[in-house]
Amino acid sequence: MTSCNWFKSLVGTYARVGARGRITALLAVVAGTAALAVVVVAVLVPFRGIARAVIPTQVVRIAGLGDEAPGTGGGVFMGGSCQSWNSVTFDEPMVNNGGDVAFHACFTGGSEPAGFGAFLKRNGAPVELIARTDEFISGVGTLGSDAESFDGPKINNKGTVVFVNRDISGPARAAVLQKKIGSPLAAILKEGDPVPGLSGFSFWSFDDMDQNNKDDVAIIATYTNNGGATLHSGVFLIQNDGKVVLILLDGAALPGIGGGNFNGTHLYDVDGPWLNDSRVVVFAVDSISGGSCPSTEEPDCEGSVFARRPGKPIELFVKMGEVLPASFKGGRVEGIGLGRPAFNNSNTLGFNLNRNSGTPETFLVTKKLGGGIKKCVADLTPAPGLAPPATFDGFSQPTINNRGYLQFSADVGGDPVNNRGIFVCDPRGKATAVVLRGDPKPGGGAWSFELEEGSISDNFAVFLDEKGTSAGNSVGVFRATIPTW
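Only a predicted model underlies this, so the values are computations on that prediction, with no experimental measurement involved.

(A) Looking closely at the overall build of the protein. Each helix and strand counted, the protein has zero helices and 37 strands in total. Residues classed as buried in the protein amount to 56% of the 485 residues present. Looking at the protein alone, contacts between residues at least 24 apart form 49% of all its contacts between residues at least 6 apart.

Below is the structure:
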């Protein structure tokens, strides 16, 4: 992006609340094109009988509908969709501790064909192209024209970006592609590479991935020994020295579920993976033969989460049907929803928990590997920053940072203006609002009902507004500063 539209932001900043329905509101106005000039005025205003606990945030627009899409011959980020399965312009934004944001986006116009690409906005720099459909990559080939062939991207604190393309015209049809600062885009694993330890087997295709801050990559992949006629799926770790480590293979025994085995024949038979800096890999298994979780809707334990530490066997992390701690006042684990990132350097998993009985049914929770499930926030409880009767009315899948904060989007019942928002829940179990639908919006316009979580780092959260009220300002990728308590 060569324009400075993202600098011209109106920032809503909210402060701590006084007693008995009075809130100290901070209003910040951002002006200028080359730098941010912030003027903060603190005022006391009456509120509606509730202490508003809204964290001080700065929200900036990273990219939006109509902005120039760099590297596309003058194209712009387009309205509508180049993705047959998804109706949004922007997808899967990820942020690191420095505020760099990687995202996928559709574009149109210019001298190049319309298409889809991976883009990067380093903090304080313009948006840049990482790779796009129909682009020739030296040593790799020409990336396919189908947006569905892309997966990712993931960015770490070093600024390294990784993603997958599954429709390459070249020596290999599919590859895991990594872009380090100062280095060209490179394939770190590709179709046809041998599967270590499995004689005669080679990699076939790739799906979701995660990347830690050491440039290690965990990846879901299929593999074959007969040219793709028969496929097997699993999870693999690509270490930063190029070594590929087997994490989960088709047929692997899964502990703690009554003798079940992974039945992996498709990329979608396993979910995740999630990877931390200690090379602990976490994954959810969606196809199990012979498991025993009779107290749930998944009697074979499908959806259970497992982990593998370096040099150790697979271990059970969260079991479908697991009895919840006494603080939940009954019930078992019925559903597990995981965002990205979902696992941190403290070996803690953050997830959306659905239980089989009791009210409310849904919680956002954390669980440390080897520990118990800990409640962070419950559905149908008061929504922070809003007056009664405003309550949470459904959560997204949360993302987690290394400080233990969960970021999520949520519907809100009981407030027709602020009926959706982006929130965080801290390790104390305190939920706070980052953006509410009725808040001021950078660039003008209003937040839509389609506010969606993106990801969270230790210092920032990114999120999407997928449908807005004014073209060029509303639809886009936004970043909020998350302060340290």
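There's plenty left to go through after this.
(B) Representation of the sheet that holds strand β12 (residues 150-155). Ordered by their spatial adjacency, four strands build an open sheet running β12-β13-β14-β15, and the pairing between neighbours is antiparallel. Edge positions in the open sheet fall to β12 and β15 (186-190), since each of these has one partner strand only. Ignoring which end each strand starts from, the neighbouring axes of this sheet average 20° apart. Here strand β13 (residues 161-165) runs beside strand β14 (residues 175-179); their pairing, made up of five bridges, is antiparallel. Each residue of the ladder has a partner; that of Val161, found in β14, is Lys179.

(C) The state of the cysteines, seen in detail. Under the definition given, this model contains two disulfides. Each sulfur of the disulfide joining Cys376 and Cys425 lies 2.0 Å from the other. Every disulfide takes its handedness from the sign of the S-S torsion; for Cys376 and Cys425 that torsion is -115°, giving left-handed. Here Cys425 lies in strand β33 (residues 420-425) and Cys376 lies in strand β29 (residues 373-378), a separation of 49 residues in the sequence.

(D) Structural context of the layout of surface pockets. Estimated volume of the second largest pocket: approximately 160 Å³. Mapped by element, the contributors of at least two residues to the lining of the second largest pocket are β28 (362-368) and β29. Class assignment of the residues belonging to the lining of the second largest pocket gives a composition of three nonpolar, six polar and five charged.

(E) The arrangement of the pattern of salt bridges in detail. A full pass over the atoms with the stated rule returns 18 salt bridges. Linking Arg166 and Asp151 is a salt bridge whose minimum nitrogen-to-oxygen distance equals 3.4 Å. Remark: Asp151 occurs in strand β12 and Arg166 occurs in the loop between β13 and β14; sequence separation between them is 15 residues. For the pair Arg166 and Asp151, one class covers both residues: buried. The partner of Lys154 in a salt bridge is Asp210, and the shortest N-O contact between them spans 3.3 Å. With Lys154 in strand β12 and Asp210 in strand β16 (residues 202-211), the pair connects residues that are 56 residues apart, well separated along the chain. Asp210 carries the same exposure label as Lys154, and that label is buried.

Here is what the cut-offs are and how they apply
- Residues numbered from 1 in each chain as written.
- Predicted model: local features only at pLDDT ≥ 70, side-chain atom pairs only at ≥ 80, totals over all residues.
- Heavy atoms only, no water.
- Helix = DSSP H or I, 4+ residues; strand = E, 2+ residues; numbered from the N terminus.
- Buried < 20%, exposed > 50% of the residue type's maximum accessible area, 1.4 Å probe, protein only.
- Contact = heavy atoms within 4.5 Å.
- Pairing = 2+ DSSP bridges.
- Axes fitted to C-alpha atoms, helices over the stretch in contact; angles between N-to-C directions.
- Disulfide = S-S within 2.5 Å.
- 1 Å grid on protein atoms, 1.4 Å probe; cavity = no way out; pocket = protein on both sides within 12 Å on 5 of 7 lines; lining within 4 Å.
- Points joined across faces, edges and corners; volume = space filled by probe spheres on them.
- Nonpolar A, V, L, I, M, F, W, Y, C, P; charged D, E, K, R; others polar.
- Salt bridge = Lys/Arg side-chain N within 4 Å of Asp/Glu carboxyl O.

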